[in-house]
Amino acid sequence: MARSAQPITLPVVAIWPGTCAALGVALLVLGTLVAVALRADDLSGFAAADWAALRFTLVQACLSAFLSVALAIPVAKALARRRFFGRRVLITLLGAPFILPVIVAILGLLAVFGRSGWMSDLLGLAGLPPVQIYGLHGVVIAHVFFNLPLATRLILQGWQEIPAERFRLAAQLNAGPRAMWQLTEAPMLRQVVPGTAAVIFAICLSSFAVALTLGGGPKATTIELAIYQAFHFDFDLGRAAMLSGVQLVLTVVAAFLALKASSSEGFGAGLDRAVIRWDGKGTCARIIDGFWIAAAALFLMLPLLAVLISGLPGLVSLPASVWGATWVSLQVAALSTVFLLCVALPLSASIALGRKRLGEVAGILGLAASPLVIGTGLFVMVYPYIDPFLLALPVTALVNMVMALPFALRILVPRMRQVLHHNARLALALDMNGRTFWRRVLLPRCRAQIGFAAGLTAALSLGDLGVIALFADPEVATLPLQVYRLMGAYRMEAAQGAALLLFVISMGAFWILDRGGRLHAEA
Amino acid sequence: MLRLNALDIRKGEFRLSGTADIKAGARVAVIGPSGAGKSTLLEAIAGFQPLDSGKILWRSDDLTARAPGKRPIAMLFQDGNLFPHLTVAQNAGLGINPNRKLTPDEMKTVEVAISRVGLSGMEGRKPAELSGGQQSRAALARVLVQQRDLLLLDEPFAALGPALKAEMLDLVKEIVAERNITLLMVSHDPDDARRITDEVLLIAEGKLHPPAPTADTLDNPPAALREYLGT
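Residues numbered from 1 in each chain as written. Chains lettered and ligands numbered in written order. Predicted model: local features only at pLDDT ≥ 70, side-chain atom pairs only at ≥ 80, totals over all residues. Heavy atoms only, no water.

Asker: Please clarify how the overall build of chain B should be interpreted in this entry.
Answerer: Scanning chain B for helices and strands turns up eight helices and eleven strands. At 18 Å, chain B has a C-alpha radius of gyration in line with the 17 Å of a compact globule built from 231 residues. Principal-axis analysis of the C-alpha atoms gives chain B an extent of 50 × 40 × 30 Å. Across the 231 residues in chain B, those meeting the buried criterion constitute 53%. Carbon together with sulfur atoms contributes 49% to the accessible area of chain B, which is approximately 9800 Å² in total. (Helix = DSSP H or I, 4+ residues; strand = E, 2+ residues; numbered from the N terminus. Rg over C-alpha atoms; globule rule 2.2 N^0.38 Å. Buried < 20%, exposed > 50% of the residue type's maximum accessible area, 1.4 Å probe, protein only. Areas by Shrake-Rupley, 256 points an atom, 1.4 Å probe, with all protein chains shown as cover.)

Written out as structure tokens, the structure reads:
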């Protein structure tokens, strides 16, 4: 039919604001890099400790990616073929670690796996020595905690995209587990697993907060952490810049690999649909699936439960510094969310109008940009002129925005594309101008997605413990940094109380913004 | 007169070319086999489909290079004629000026148009709260306030049942007669064409044929049309 020949999306809103936004982000990320590169001394200054940091960064990222994916495969398989009470809730919870502040999760993990945690108590009953969480395996456990859910979601999506006909055909052929594997599962996993592993590898490369709290020492320092140490303890800008350069090469290569290897998106809808399968009816299969689901649920829920239980006593007697930090954090998150909307809205409209290159640029930059590198670069640029500590909060907000941008684009672009596709012709026929189209059509129609993206950004910003550690003077702290400082001062009860507060505030900010967007929004 | 002068449109393998003059105030059905380019022709006239060559003139104005919203044309598409988040009155009001608030006089005009299409009392409803026929009426209310010289219909009533579709076509016929609007409508159904048009514009095998009287053409179809009609 002639109808199938739809015109390409009509330019009902201007493209240039989005181009400007993309250029601004590129300038921020690349400009700070240039600043860093100009400061970096020659690479011959790469000391033994730096080699160790590089090695540790790669080893922990490889291990984390491998373990997350290896464990996610049976969990996703079990979730795909079982229906049980609480399945939806569990799948929703798999999305939670994404907006869970790292420092909160770490306190939870410490309470479960730490020296005096629940696990050690159990082992103690059996007369065994307590677990040791600091070091490589602590870092890896924390990374698996954060990335197992992500891997499970991505692989589960792969499972659900296998056409139902294929399972029906396999059942008809009376395929056993082995044949079923070859006919349906292996081809899907070959497609999904490399991308998933690459994304997790890239995420773990720039691990800072986890390494800061669970790593440290010459044996367990990531490059990001080494940058912080060079900066914070030695004030060796040359070395910080040189390490930033190394980090940048790593993350750009990894981000590139991840984008190459993955095509599917992390926010796939319809994950709550169970695949109808005719295999796996046996008792053995049921027990195995049950084990994986229970184990994953326990691994994810216990630390959160621990935060709740151990945080409550401290919550009633929080020191004043925590309330001050909460106020600072709320300001940073609000600023970061405003920055994000100013950049992501025009940018996603331009991408939806067909400027795909802009999206790729923003995606690579967002994945490759390391908060500590941007922070170092900005520090190097401004410190001859103004006191960098004055800029700690705006810089943190800016960096948080860049980190959240790729995710916001993934949420906004598909919806904008849909709205433009459905409404652009009518708007043009009515001679509606671009500004009116934004105000009367695009913004109201994308409200739910804008709320979701804003909620995500606010929660990410509230929980971020990165560049603020670089810039903040002892007087100023965001809430995550304050939690870290309380931990460092061995005031565990206050730290746990503050962590619970942080947890409630970030989830609350996400919930309010996401909810606000969807309230009264028409489909 | 709407003059389609030596039009040439290409989209990959697809091609449509020809010349046709349509008298002001005429009611014309665009007919032809599937894929011949009926919708494409309407989109070209409305400004959504660029021409490879040729000109589109209305009275003596050259419309060829004008943006869709700057042409004296109102168009109803197969779907998406209403913004789902705006009320009937807001949707119709967009026809007067989408870029600013309406004056009280203009609001009055909108109200009159809404009552003319039989939707009085439903001004505050959103499209999802209306039936298919009422949605079509709301879109027609907007066409009324737009006060354009030409109305192009790209099968906006295709999803309605036969009785409702006939009702809508009758309403369109009344409106274009009242306002002296020139009508071009894509039609798959010879009965629709007979119902409200007096001329047909045949498109077949990449050619645009000049308009001919509806009844004659459908009673004695030329070869290109005979196969499509199955007579």
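Asker: What is the right way to read the state of the cysteines from this model?
Answerer: By definition, a disulfide links two cysteine residues through a covalent bond between their sulfur atoms. Residues and elements named next belong to chain A. Here the structure, examined in full by the defined rule, presents zero disulfides over all chains. Here Cys446 is not cross-linked by a disulfide; its sulfur's nearest cysteine counterpart is in Cys342, at 16 Å. Look at Cys446 and you get buried, because its relative accessible area is 0%. (Disulfide = S-S within 2.5 Å.)

Asker: In this structure, what is going on with the interface of chain B and chain A? I would like to understand it.
Answerer: When the parts of a complex come together, some accessible area is lost, and that lost area is often used as the size of the interface. Contact residues are listed per partner, giving 29 residues for chain B and 24 residues for chain A. Carbon and sulfur atoms make up 55% of the area that chain B and chain A hide from each other, which totals about 2500 Å². For the pair chain B and chain A, the interface holds two salt bridges. One salt bridge connects A:Arg425 with B:Glu43, and the closest N-O pair in it is separated by 2.7 Å. (Contact = heavy atoms within 4.5 Å. Buried area = accessible area lost by both parts, 1.4 Å probe. Salt bridge = Lys/Arg side-chain N within 4 Å of Asp/Glu carboxyl O.)

Asker: Explain the packing of helix H1 (residues 16-39) of chain A against helix H11 (residues 237-261) of chain A here, please?
Answerer: Helices that pack against each other are described as a pair by the angle of their axes relative to one another and the distance between those axes. Residues and elements named next belong to chain A. For the pair H1 and H11, the least separation of the axes is 8 Å and the interaxial angle reads 125°. When the axis of H1 is compared with that of H11, the two are oblique. Crossing geometry of H1 relative to H11 is assigned as left-handed. Every residue of H11 that contacts H1 at Leu33, Val36 and Arg39 is listed here: Leu237, Gly238, Ala241, Ser244, Gly245 and Leu248. Of the residues in the contact of H1 with H11, the class split is five nonpolar, three polar and one charged. (Axes fitted to C-alpha atoms, helices over the stretch in contact; angles between N-to-C directions. Parallel < 35°, antiparallel > 145°, perpendicular 65-115°, else oblique. Left-handed = near helix turned anticlockwise from the far one by under 90°. Nonpolar A, V, L, I, M, F, W, Y, C, P; charged D, E, K, R; others polar.)

Asker: Got a minute to help me understand the domain arrangement of chain B in this structure?
Answerer: Residues and elements named next belong to chain B. Partitioning chain B into domains gives domain 1 (1-72 + 150-231) and domain 2 (78-147). The partner domain 2 presents twelve residues to the 16 residues of domain 1 that form the contact. Between domain 1 and domain 2 the total buried area reaches about 1200 Å² when both faces are included, carbon and sulfur atoms providing 61% of it. Contact with domain 2 buries surface across domain 1, with Leu171, Ile175 and Arg179 losing the most and accounting together for 35% of the total. Counting every contact that joins domain 1 to domain 2 gives three salt bridges. One salt bridge in this structure joins Glu178 and Arg116, with 2.6 Å as the shortest N-O distance. Taken together, domain 1 and domain 2 are joined by five residue pairs in polar contact (both at pLDDT 80 or more). Here the side of domain 1 that touches domain 2 takes nine residues from helix H5 (residues 162-179), the largest share from any one element. (Domains from an automatic or database assignment. Polar contact = N/O pair within 3.5 Å; in protein donor to acceptor, adjacent residues only side chain to side chain.)

Asker: Would you mind showing me how to read empty space enclosed by the protein here?
Answerer: Space left empty within the atom packing is revealed by a probe, the size of a water molecule, rolled over the atoms. Residues and elements named next belong to chain A. All chains considered together, the criterion is met by four cavities of 30 Å³ or more. By volume, the largest cavity is sized at about 100 Å³. Of all the elements, helix H12 (residues 283-315) adds the most residues to the lining of the largest cavity, at four residues. Its residues placed into classes, the lining of the largest cavity shows eleven nonpolar, no polar and no charged. (1 Å grid on protein atoms, 1.4 Å probe; cavity = no way out; pocket = protein on both sides within 12 Å on 5 of 7 lines; lining within 4 Å. Points joined across faces, edges and corners; volume = space filled by probe spheres on them.)

Asker: Even after reading the chapter, I still don't get the packing of aromatic side chains, so can you show me in this structure?
Answerer: By convention here, two paired aromatic rings are described through the distance between centres and the angle between planes. Scanning all chains against the criterion turns up eleven aromatic pairs over all chains. Seen from their ring centres, A:Phe145 and A:Phe299 are 6.0 Å apart, and the 80° between their planes marks the pair as edge-to-face. Of this pair, A:Phe145 sits in helix H6 (residues 136-161) while A:Phe299 is found in helix H12, placing the two residues 154 residues apart along the sequence. The residues A:Phe145 and A:Phe299 share a single accessibility class, namely buried. Consider the rings of A:Tyr228 and A:Phe233, whose centres lie 6.1 Å apart with planes at 70°: the pair is edge-to-face. An aromatic cluster of three or more residues is present, and its members are A:Phe113, A:Phe145, A:Phe146 and A:Phe299. Directly above the aromatic system of B:Phe14 lies the positively charged group of B:Lys11, at a separation of 5.6 Å from the ring centroid. (Phe/Tyr/Trp six-rings, centres within 6.5 Å; stacked < 30°, edge-to-face > 60°. Lys NZ or Arg CZ within 6 Å of the ring centre and 35° of its normal.)

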